[in-house]
Amino acid sequence: MRQNRLRQLLQEDAPSLGTRVNSPWPSVIELAAQSGMYDYVEFLGEYAPYTAHDLDNLARAADVHNIDLMIKVEAESRGYLAQRAVGSGFQSVLFADCRSVEDAQECIRSVRPDTPEDRGTFGSVARRFTYMGYGGKDYAQMLRDIVVVLMIEKKGAVEQLDAILELPGLDMIQWGGSDYSMSVGRLGDRGAPEVAKAQERVFSSAIAAGIPPRAEIGSPGDAKRWLDIGVRHFSLGVDLAVLRSWWTRNGDEMRKALEGK
């Protein structure tokens, strides 16, 4: 059973750093791992097209380079998607679109073992993360160690935040400004004062409740405001933004050079 690094960091109250990718090409996972800078890579399953075979292959690439994987899954079929990813070897799941305490409970239960004490819904299955080892004591512990992260990005989740933060099995939360602004009738205005105020409340409430918040940032300079209030878990950058920035900046420079000839 390979160690779940993010779980270990949470248990040690240590900071963590991840990055995000849309590409299901395993080599992208390898490149991130070879940098030696990241504790895990998040595959954006909510946005990217992929197959169940891709999940196995991404996990194989991560195993080769000893880096953890997280998957982000949407509300529709989230239990199925989360269980398939865990079965492939993903160690963490980020659940999007939670709207209530009941939604949050469903997410947590979907990756916990179906035992009387755990009361989860993940049964005994032979998948890549265990194959013929399923059903043993290590199998249940692997599921208990899966890191559960919830997006707090809907009006209902913000309104029920205190109750959500008390749920057993919740490990981390993350803010989603785009979805929140949409759910309160301010679509496209994620920088509105009321949206910023809600984010600050979500992060400060989570820290007070002992649930670590994770912040998505585009550059190291964006981290200071969150470090100052006690945030210690970050996701830095995303592959599509990195590519777009490089193509735009260097393409513009090259176009100007061509036009000058």
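Criteria and thresholds
- Residues numbered from 1 in each chain as written.
- Predicted model: local features only at pLDDT ≥ 70, side-chain atom pairs only at ≥ 80, totals over all residues.
- Heavy atoms only, no water.
- Patch = residues over 30% accessible without salt bridge, like charges linked within 9 Å, V, L, I, M, F, W, Y side chains within 5 Å.
- Areas by Shrake-Rupley, 256 points an atom, 1.4 Å probe, with all protein chains shown as cover.
- Salt bridge = Lys/Arg side-chain N within 4 Å of Asp/Glu carboxyl O.
- Helix = DSSP H or I, 4+ residues; strand = E, 2+ residues; numbered from the N terminus.
- Pairing = 2+ DSSP bridges.
- Axes fitted to C-alpha atoms, helices over the stretch in contact; angles between N-to-C directions.
- Contact = heavy atoms within 4.5 Å.
- 1 Å grid on protein atoms, 1.4 Å probe; cavity = no way out; pocket = protein on both sides within 12 Å on 5 of 7 lines; lining within 4 Å.
- Points joined across faces, edges and corners; volume = space filled by probe spheres on them.
- Nonpolar A, V, L, I, M, F, W, Y, C, P; charged D, E, K, R; others polar.
- Buried < 20%, exposed > 50% of the residue type's maximum accessible area, 1.4 Å probe, protein only.
- Polar contact = N/O pair within 3.5 Å; in protein donor to acceptor, adjacent residues only side chain to side chain.
- Arc of directions from axis to C-beta.
- Phe/Tyr/Trp six-rings, centres within 6.5 Å; stacked < 30°, edge-to-face > 60°.

Another point: a nonpolar patch on the surface. On the surface, Leu240, Leu243, Trp246 and Trp247 cluster together to form a nonpolar patch covering roughly 480 Å² of accessible area. As for its position among the elements, Leu243 is in helix α12 (residues 239–259).

Here the focus is the sheet that holds strand β3 (residues 68–73). Around the barrel, which closes on itself, the eight strands sit in the order β1-β2-β3-β4-β5-β6-β7-β8 with parallel pairing between neighbours. Here the average twist between neighbouring strands, direction ignored, is 25°. Strand direction decides the pairing type here: strand β1 (residues 16–21) and strand β8 (residues 233–238), joined by four bridges, are parallel. Paired with Arg20 across the two strands is Val238, which belongs to β8. On the sheet, helix α3 (residues 52–64) packs against β2 (40–43) and β3 and is oriented at approximately 150° with respect to β3. Across the face of the sheet, helix α10 (residues 193–209) comes into contact with β5 (147–152), β6 (172–175) and β7 (213–217) while running at roughly 170° to β6.

A few words on the layout of surface pockets. The calculated volume of the largest pocket comes to roughly 840 Å³. Lining the largest pocket are 41 residues; nearest its centre among them are Arg20, Glu216, Ile217, Gly237 and Val238. Looking at the lining of the largest pocket, the element that brings in the most residues is α12, giving five residues. Taken together, the residues of the lining of the largest pocket break down into 20 nonpolar, 10 polar and 11 charged.

Next up on the list: the side chain of Asn4. On the secondary structure map, Asn4 appears in the segment before α1 (5–11). Residue classification places Asn4 among the buried residues on the basis of a relative accessible area of 9%. In this structure the side chain of Asn4 is engaged in a polar contact, spanning 3.1 Å, whose partner is the backbone oxygen of Gln91. A polar side-chain atom of Asn4 sits 3.0 Å from the main-chain carbonyl oxygen of Asp145. For Asn4, the contacting residues outside a window of four places in its chain are Asp68, Gln91, Asp145, Ile146 and Val147.

Residues of helix α2 (residues 26–34) that are buried include every one of Val28, Ile29, Ala32 and Ala33, and no others. Each buried residue of α2 lies within a common arc of 140° when the element is viewed along its axis, so the set occupies one face. Seen from the buried face of α2, the exposed residues on the opposite side, beyond 90 degrees, are Leu31 and Gln34. On the buried face of α2, the contacting elements are β1, β2, α3 and β3. Gly36, located one to two residues past α2, shows a positive phi value of around 75°.

Let's shift gears to the pattern of salt bridges. Within the structure shown, the criterion is met by 20 salt bridges. Across the pair Asp103 and Arg78 runs a salt bridge, and its minimum N-O distance is 3.2 Å. Of this pair, Asp103 sits in helix α5 (residues 101–110) while Arg78 sits in helix α4 (residues 78–88), placing them 25 residues apart in sequence. Classification of Arg78 by relative accessible area gives buried; the value is 6%. Between Asp189 and Arg186 there is a salt bridge whose closest N-O contact spans 2.5 Å. You can call Arg186 partly exposed: its relative accessible area is 28%.

Taken across its six residues, β8 has six buried, putting it largely inside the fold. Note that β7 and β8 share four bridges and pair parallel. Bridging from a neighbouring strand, Ile217 pairs with Leu236 of β8.

Let us now look at the packing of aromatic side chains. With the rule as written, the count across this model stands at six aromatic pairs. Relative to Phe129, the ring of Phe122 has its centre 6.0 Å away and its plane inclined at 50°; by these criteria the two rings are tilted. Neither Phe122 nor Phe129 differs from the other in exposure class; each is buried. Summarising the aromatic geometry, the rings of Phe203 and Trp226 are spaced 4.8 Å apart at their centres and angled 65° between planes, so their arrangement reads as edge-to-face. In this pair, Phe203 sits in helix α10 while Trp226 sits in helix α11 (residues 224–227), placing the two residues 23 residues apart along the sequence. Accessibility classification places Phe203 together with Trp226 in one group, the buried group. Cluster of aromatic residues (ring-pair linked, three or more members): Phe122, Phe129 and Tyr139.

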